[in-house]
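Architecture at a glance
The residues making up each chain are set out below.
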Amino acid sequence: MYKRLCPFLFSLIIFCSCTAPIKTDSDILELNYPATLPVIRRADWGWQPLKRTLPTHAISKITLHHGGVDYPPGKDPVKYLRELQQWSRTEKKWIDIPYHFMIAPSGAIYEARPINYPGATNTDYDPTGHALICLIGNYENATVNQEQLQAIIEMTAFLAMQFYVPLYAIKGHKDYTETLCPGKNLYQYIENGTIQSRVQERLIK
Ligand SMILES: [Zn+2]
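Residues numbered from 1 in each chain as written. Predicted model: local features only at pLDDT ≥ 70, side-chain atom pairs only at ≥ 80, totals over all residues. Heavy atoms only, no water.

A cluster of nonpolar side chains, namely Met-161, Leu-203 and Ile-204, defines an oily patch on the protein surface of about 300 Å² accessible area. Along the chain, Leu-203 turns up in helix H5 (residues 194-203). In this structure Leu-203 comes out as partly exposed when scored by relative accessible area, which is 32%. (Patch = residues over 30% accessible without salt bridge, like charges linked within 9 Å, V, L, I, M, F, W, Y side chains within 5 Å. Areas by Shrake-Rupley, 256 points an atom, 1.4 Å probe, with all protein chains shown as cover. Salt bridge = Lys/Arg side-chain N within 4 Å of Asp/Glu carboxyl O. Helix = DSSP H or I, 4+ residues; strand = E, 2+ residues; numbered from the N terminus. Buried < 20%, exposed > 50% of the residue type's maximum accessible area, 1.4 Å probe, protein only.)

Rendered as C-alpha cells:
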C-alpha cells in the first residue's frame, strides 16, 4: 500500500511546492501594543501586502530617522504613507517603506515595514538588527513638538522591552554613517540623553 502511495505523495508535494503562490502575510511578526500605545496598524491605513520578502532578522538596536523632506502642515499622513510605499516599491525596488514605524506631526504612530524584515537605506550602514522609527518631516529645519517626542519615547520604550534592546543601542542614523539624518533638531534629544533617560523611566515603572 505505502509503496504505491508514496510516489503519489511525493509527486503531490513537488506539484504543490511548484505551484503554490508565495504566501508572505503569515510570516509577518505582528506586535501586541498596550492600550497606552495606540499604534495604527497596517491594515487600518491602506498598506498594500508585501509582494516579496527578505531573510528575517532579530532586533538588537533601535535607530531613529527623519523623512528628510519638508512636510507641509495639514498634509494627510495616510496619503503620504501610501505614496511612500508606492515610491519605495517602484522607484527604489525595496520590499516596502524603508522604516518599521512612521510618526506623523500629530504624534500618531503608523506601522510600516513589518518589524521582522530588515529596513532599507540610501546610505552605507547595514540596517539588519535595527528597529527603525522615522519622524515624518525634515528636522534639520522643523522642530520636534511634544507630541512627536512623546510618541518616539513610548514607541522606543515598547520596542526596547519587546526585544530586550539596551539603552546604549538607542541611537540616530548619523551614529552609523555620514548623514544629517535624523536632523539636528531630533538628534539633540539622542545626543543629550533625553530619549534614553525617558525610555529608562518607562522600563522601570
Ligand atoms: Zn535615516
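Once that is clear, we can look at the pairing of strand S1 (residues 61-66). Taken across its six residues, S1 has five buried, putting it largely inside the fold. Two elements, S1 and strand S4 (residues 130-135), share six bridges in a ladder whose sense is parallel. Each bridged residue has a counterpart across the sheet, and for Leu-64 the counterpart in S4 is Ile-133. Pairing geometry for S1 and strand S5 (residues 170-172), over three bridges, is parallel. Bridged to Leu-64 within S5 is Gly-172. (Pairing = 2+ DSSP bridges.)

Okay, the environment of Thr-143 next. On the secondary structure map, Thr-143 appears in the loop between S4 and helix H3 (146-163). Accessibility expressed as a relative area gives 62% for Thr-143, which makes it exposed. Separated by 40 residues in sequence, Thr-143 and Gly-183 have C-alpha atoms that sit 9.5 Å apart. Apart from the residues within four sequence positions on either side, Thr-143 is in contact with Gln-148 and Asn-185. (Contact = heavy atoms within 4.5 Å.)

This part takes up the pairing of S4. Counting buried positions along S4 yields six of six residues, so the element is predominantly enclosed. Side chains His-130, Leu-132 and Cys-134 of S4 all project onto a buried face; the interleaved residues Ala-131, Ile-133 and Leu-135 project onto the opposite face, where all are buried too.

Turning our eyes to something else, we now look at the sheet that holds strand S3 (residues 109-111). Across the sheet, five strands lie side by side as S3-S2-S4-S1-S5; this open sheet has mixed pairing. Looking at strand neighbours, the two that pair on one side only are S3 and S5, the edges of this open sheet. Here the strands of the sheet are splayed against their neighbours by 25° on average, with no regard to which way each runs. Bridge count between strand S2 (residues 101-103) and S3: three bridges; the pairing is antiparallel. Looking at S3, one finds that Met-102 is bridged to Tyr-110. The strands touched by H3 are S1, S2, S3, S4 and S5; relative to S4, the strand with the most contacts, the crossing angle is about 170°. (Axes fitted to C-alpha atoms, helices over the stretch in contact; angles between N-to-C directions.)

The next point concerns the packing of aromatic side chains. Throughout the structure, instances matching the rule amount to five aromatic pairs. One aromatic cluster is present, formed by Tyr-33, Phe-101 and Phe-158 through successive ring pairs. Here the guanidinium or amino end of Arg-89 rests over the ring plane of Trp-47, the centre of that ring lying 5.8 Å away. Here the guanidinium or amino end of Lys-174 rests over the ring plane of Tyr-187, the centre of that ring lying 4.9 Å away. (Phe/Tyr/Trp six-rings, centres within 6.5 Å; stacked < 30°, edge-to-face > 60°. Lys NZ or Arg CZ within 6 Å of the ring centre and 35° of its normal.)

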